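# Chains, contacts and geometry: an overview
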Amino acid sequence: METLLAVDSLSVSFPVGDHWVPVVRGVSLDVGAGEFVGLVGESGSGKSMTAYAILRLVPDPGRITGGRILLDGEDLLGLSDARMRSVRGARIGMIFQEPMTALNPVFTVGFQITEAVRVHHRVSKREAELEAVRLLDLVAIPAARQRLEDYPHQLSGGQRQRVMIAIALASKPDLLIADEPTTALDVTIQAQILELLERLRRELGLAVLLITHDLAVVAETCARVVVMYAGQVVEEAPVETLFAAPAHPYTRGLLTAAPGLGRPGARGELATIPGQVPEMARLPTGCAFHPRCSEVMDECARENPDVYPLSSEHRARCFLHGTPASRSEAS
Ligand SMILES: Nc1ncnc2c1ncn2[C@@H]1O[C@H](COP(=O)(O)OP(=O)(O)OP(=O)(O)O)[C@@H](O)[C@H]1O
Ligand code: SF4
Ligand SMILES: [Mg+2]
């Protein structure tokens, strides 16, 4: 599979008092063309900030402080603002948790989709309307032509999220970044939206980076999973491997903490690993997970582990799978 997006050693920091606190710390991850990749981790682990950085939309006063973001080999961090705006619209689409806040309540659905179409393609109003109907059909909104006249509040939550997906697809992007797109929806609707994303991947060859708290969602949709903790990638694996043989104690904790995982419709919320997510401004020494880790060793409090390969497709940031730099240098 061709690599579409390659994030390499990405760092994002926010100023706190008189120094900069990194909240994304050297994140590397790839998304292949037409691949469905999950990005998981507890609240505050840096998932959204990674997504914003990919789009170069890190909110002020945050800054991207290092790394590269390659889309088809081109470094997005080197583009002018104007070029980046066109990449953001045309090549990478994004959808968020709460579609009501992203849709404008005072304009019809039809107006908002046709505007999105016309931003990206020089077409007449009539052609844009036809395209809007096609997009609503594509996201399986019934009676698409009639829905064009509706205002966002006249639609259900699930339908609003479908409209947001239609707007994101107006530019025919290669990559869709979906940040908790189903968290606000009930379980049945959630499953339908995930099915829709999977169908779009299959039919359009769309790559999807899906950010979620929910391991059940990952199990149902993703081919590959990237797990984040305290601003770093701690494990990456094909989805079957991650569930069958999780290598990082944090991932193992998430899996045991996820109630009823594997049951259809079950929610795999990540709330119950003992201990607390550390504050980014006050990270523990060494491995950031060590105060919560059931397998902690002496070196864990002293040194931050590298990412160690377990196979060509599986890697983990943990001394259970590699030797601390201090010891390997000594030997
Ligand atoms: N505007 C901001 N100023 C300072 N720090 C921020 C700001 N926005 C986010 N952060 C910090 O950046 C870190 C990462 O936040 P991020 O929103 O990426 O987490 P997340 O993994 O998406 O969490 P969630 O699952 O709750 O959405 C957090 O520690 C958060 O406190
Ligand atoms: S490096 Fe040590 S503390 Fe960190 S996850 Fe591995 S065993 Fe646990
Ligand atoms: Mg988030």
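Residues numbered from 1 in each chain as written. Chains lettered and ligands numbered in written order. Predicted model: local features only at pLDDT ≥ 70, side-chain atom pairs only at ≥ 80, totals over all residues. Heavy atoms only, no water.

### Examining the site of ligand 2
Rule in force here: Any residue with a non-hydrogen atom lying within 4 Å of a molecule or strand is treated as near it. Each residue gets one of three labels, nonpolar for Ala, Val, Leu, Ile, Met, Phe, Trp, Tyr, Cys and Pro, charged for Asp, Glu, Lys and Arg, and polar for the others, Gly among them.
Taken together, 13 residues surround ligand 2, and among them Cys 287, Cys 293, Cys 300, Cys 318 and Phe 319 come closest. Among the residues forming the shell around ligand 2, the class breakdown is 10 nonpolar, 2 polar and 1 charged.

### Structural notes on the site of ligand 1
Put simply, the rule is: Contacts described as polar in this section are N or O atom pairs within 3.5 Å, which, within protein, must combine one atom able to donate a hydrogen with one able to accept it, while residues neighboring in sequence count only if both atoms come from side chains. Each accessible area is a Shrake-Rupley estimate made with a 1.4 Å probe; only the visible protein chains count as cover when residues are assessed. The helix count covers DSSP runs of H or I at least four residues long, the strand count covers runs of E at least two residues long, and both are numbered beginning at the N terminus.
Taken together, 13 residues sit near ligand 1, with Ser 43, Gly 44, Lys 47, Ser 48 and Met 49 positioned nearest. Between Ser 45 and ligand 1, the recorded distance is 3.2 Å, taken from a backbone N or O atom to an oxygen atom. Between ligand 1 and Met 49 there is a distance of 2.8 Å, counted from an oxygen atom to a backbone nitrogen or oxygen. A total of 640 Å² of accessible area belongs to ligand 1 in isolation, and the protein chains cover 64% of it. Residue contributions to the shell around ligand 1 peak at 3 residues, all from helix α1 (residues 47-54).

### Things to note about the domain arrangement of the protein
To keep it simple, the criterion reads: These domain boundaries are the output of an automatic or database domain assignment. Contacts are assigned to residue pairs with any non-hydrogen atoms lying within 4.5 Å of each other. For any pair of parts, buried area is found by adding up, for both, the accessible area (1.4 Å probe) each one loses once the two are put together. The salt bridge definition used is simple: a Lys or Arg side-chain nitrogen within 4 Å of an Asp or Glu carboxyl oxygen.
Assigned domains of the protein: these are domain 1 (3-91 + 173-268) and domain 2 (103-172). One C-alpha centre belongs to domain 1, the other to domain 2; they are set 26 Å apart. Residue-level contacts link 17 residues of domain 1 with 13 residues of domain 2. Counting the surface lost from both domain 1 and domain 2, the interface buries some 1,100 Å², and carbon and sulfur atoms represent 69% of this. Sorting the residues of domain 1 by area buried against domain 2 places Pro 173, Ile 193 and Leu 196 first, and these three jointly supply 36% of that buried surface. Connecting domain 1 to domain 2 are 0 salt bridges. Taken together, the connections running from domain 1 to domain 2 amount to 2 residue pairs in polar contact (both at pLDDT 80 or more).

### Overview of the pattern of salt bridges
Where we set the bar: Each residue is assigned to one of three classes by its accessible area relative to the maximum for its type, calculated with a 1.4 Å probe on protein chains only: buried under 20%, partly exposed between the two thresholds, exposed over 50%.
Per the counting criterion, the structure on display carries 20 salt bridges. Note that Asp 8 and Arg 68 form a salt bridge whose closest N and O atoms lie 3.5 Å from each other. Residue Asp 8 is located in strand β1 (residues 3-16), and its partner Arg 68 is located in strand β4 (residues 63-71); the two are separated by 60 residues in the primary sequence. A salt bridge links Arg 91 to Asp 72; the nearest nitrogen and oxygen atoms lie 2.7 Å apart. Within this pair, whereas Arg 91 is found in the loop between α2 (81-90) and β6 (92-95), its partner Asp 72 is found in the loop between β4 and β5 (74-75), the two being separated by 19 residues in sequence. A residue is classified by how much of its surface remains accessible, and Arg 91, at 23% relative accessible area, is partly exposed. One network of salt bridges, with partners in common, ties together Glu 35, Arg 224, Glu 236 and Arg 315.

### Description of α1
Burial runs high along α1: 6 of the 8 residues are buried. For α1, every residue scored as buried is listed here: Lys 47, Met 49, Thr 50, Ala 51, Ala 53 and Ile 54. The first or second residue beyond α1 is Arg 56, which carries a positive phi of 55°.

### A word on the nonpolar core
It is characteristic of soluble globular proteins that their nonpolar side chains tend to be buried jointly. Our working rule: Think of a nonpolar core as a cluster: buried Ala, Val, Leu, Ile, Met, Phe, Trp, Tyr and Cys residues, connected wherever their side-chain atoms sit within 4.5 Å.
Ranked by size, the top nonpolar core spans 94 residues in total, and within it Ile 92, Ile 113, Leu 136, Ile 165, Ile 177 and Leu 210 carry the most contacts. Counting contributing residues, this core receives three or more from each of domain 1 (3-91 + 173-268) and domain 2 (103-172). Among residues more than four places away in sequence, those in contact with Ile 177 are Ala 51, Ile 54, Leu 55, Ile 92, Gly 93, Met 94, Ile 95, Leu 209 and Ile 211.

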